[in-house]
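Summary of structural features
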Amino acid sequence: MISKNQIKLIKSLGQKKARQQQGLFIVEGIKGITEFLKSEYVLKHLYTTKLIFDAPQGLISEISELDLKKISALKNPNTALAIFEIPTVKPSQNTGLIVALDDVRDPGNLGTIIRLCDWYGIKDLVCSNNTVDCFNTKVVQATMGSLTRVNVQYVDLESYVEAHNTDIFGTFLEGENIYTTTLPRQGIIILGNEANGISERIEAKVNRKVTIPQFGTIKETESLNVANATAILLSEFKRRTIEM
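These remarks concern the structure in this document. What you see is a predicted model, and the numbers here were worked out from it, not measured in a lab. (Residues numbered from 1 in each chain as written. Predicted model: local features only at pLDDT ≥ 70, side-chain atom pairs only at ≥ 80, totals over all residues. Heavy atoms only, no water.)

Turning next to helix 3 (residues 30-38). Every α-helix winds through 3.6 residues per turn, so residues three or four apart in the chain are directed the same way. Those residues of helix 3 lying buried are Gly32, Ile33, Glu35 and Phe36. Mapping the buried residues of helix 3 onto a view down its axis gives an arc of 160 degrees, with all of them on the same face. The secondary structure elements touched by the buried residues of helix 3 are strand 1 (24-28), strand 2 (43-48), strand 4 (80-85) and helix 6 (137-143). (Buried < 20%, exposed > 50% of the residue type's maximum accessible area, 1.4 Å probe, protein only. Helix = DSSP H or I, 4+ residues; strand = E, 2+ residues; numbered from the N terminus. Arc of directions from axis to C-beta. Contact = heavy atoms within 4.5 Å.)

Applying the stated criterion to the full structure yields zero disulfides. Here Cys117 stays free of any disulfide, with the sulfur of Cys127 as its closest cysteine sulfur at 8.7 Å. You can call Cys117 buried: its relative accessible area is 0%. (Disulfide = S-S within 2.5 Å.)

Formed by 46 residues in total, the largest nonpolar core has its most connected members in Leu46, Leu101, Leu110, Ile114, Leu125 and Leu147. If one sorts the elements of this core by residue count, helix 9 (residues 226-243) sits on top with six residues. In this view, Leu147 contacts Phe36, Tyr41, Ile114, Cys134, Phe135, Val140 and Val152; residues no more than four positions away in its chain are not counted. Judged by nonpolar contacts, the second largest core, of 14 residues, contains Val155, Leu157, Tyr160 and Val161. (Core = buried A, V, L, I, M, F, W, Y, C linked by side-chain atoms within 4.5 Å.)

The final tally for this structure, using the stated rule, is eight aromatic pairs. Measuring from centroid to centroid gives 5.4 Å for Phe36 and Phe84, while their planes differ by 40 degrees, and the two rings are tilted. Of this pair, Phe36 sits in helix 3 while Phe84 sits in strand 4, placing them 48 residues apart in sequence. With a relative accessible area of 0%, Phe36 lands in the buried category. Taking relative accessible area as the criterion, Phe84 reaches 0% and is therefore assigned buried. Taken together, the ring pairs in this structure connect Phe25, Phe36, Tyr41, Phe84 and Phe135 into an aromatic cluster. The lysine or arginine in question, Lys209, covers the ring of Phe172, its NZ or CZ lying 4.7 Å from the ring centre. (Phe/Tyr/Trp six-rings, centres within 6.5 Å; stacked < 30°, edge-to-face > 60°. Lys NZ or Arg CZ within 6 Å of the ring centre and 35° of its normal.)

Let's shift gears to helix 5 (residues 107-119). Along its 13 residues, helix 5 runs 18 Å from first to last C-alpha, staying within 8% of the 18 Å computed at 1.5 Å per residue. For helix 5, the capping residue at the N-terminal end is Asp106, with a side-chain oxygen 3.0 Å from the backbone nitrogen of Gly108. (Expected span 1.5 Å × (residues − 1). Polar contact = N/O pair within 3.5 Å; in protein donor to acceptor, adjacent residues only side chain to side chain.)

This part covers the sheet that holds strand 7 (residues 151-155). Reading across from one edge, 7-6-5-9-8-10 is the order of the six strands in this open sheet, with parallel pairing throughout. Pairing within the sheet leaves two strands with one partner each, and these edge strands are strand 7 and strand 10 (208-211). When the angles between neighbouring strand axes are averaged without regard to direction, this sheet yields 35 degrees. With three bridges connecting them, strand 8 (residues 168-177) and strand 9 (residues 187-191) associate as parallel partners. Residue pairing across strands places Phe169 opposite Ile189, the latter belonging to strand 9. Along the sheet, helix 5 contacts strand 5 (97-101), strand 6 (124-128) and strand 7; its crossing angle with strand 6, the most-contacted strand, is approximately 155 degrees. (Pairing = 2+ DSSP bridges. Axes fitted to C-alpha atoms, helices over the stretch in contact; angles between N-to-C directions.)

And the structure:
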């Protein structure tokens, strides 16, 4: 059984304010929970319909599928829900490539970008304070465990960029062709808001404007999805690094 107070707490963690107050967030499903259990993240409690996880006995509660549905944010809950502590933020290493997000609001986009950073070996993801919370349940779900391997930091992005004497890349329609311009091994790659792109105040800090050329003959698509653009940019940067 799960108590009403436990249900109330878990439900409240769907809100950013409650996550910040409690210092807790939710992970759902076998894959995601297993990744977090293997990481440095600290488990608060695990609710599961199957005792298949390697975690301290005192922190596991076996519950019914009905109870899992009561606490899950998913339409089709997957076996378990865990509560983990939000860790202390680590400062970025300021080496290699850093991805920075300017006001990205969609949880699915942020989750996918975190997975892409993990795939391409990007250790630091820097987010503006208006970017969606990386501990949002939908974001965590979309990362499929990659959040355990990517350091996500929320900052005043303008001040952060100003403090770095390096190449600052931004994607713009009038930028240099990403496939033909010279790309360095390190720098900051800025991706903008889904509807408005990179804000004017951040654009003023960009010293390397690049574009992903459109190859279609009927050019009616205005822009790429921000996560798709991130995938293309990181692939090209990393491909060049391998060739060097």
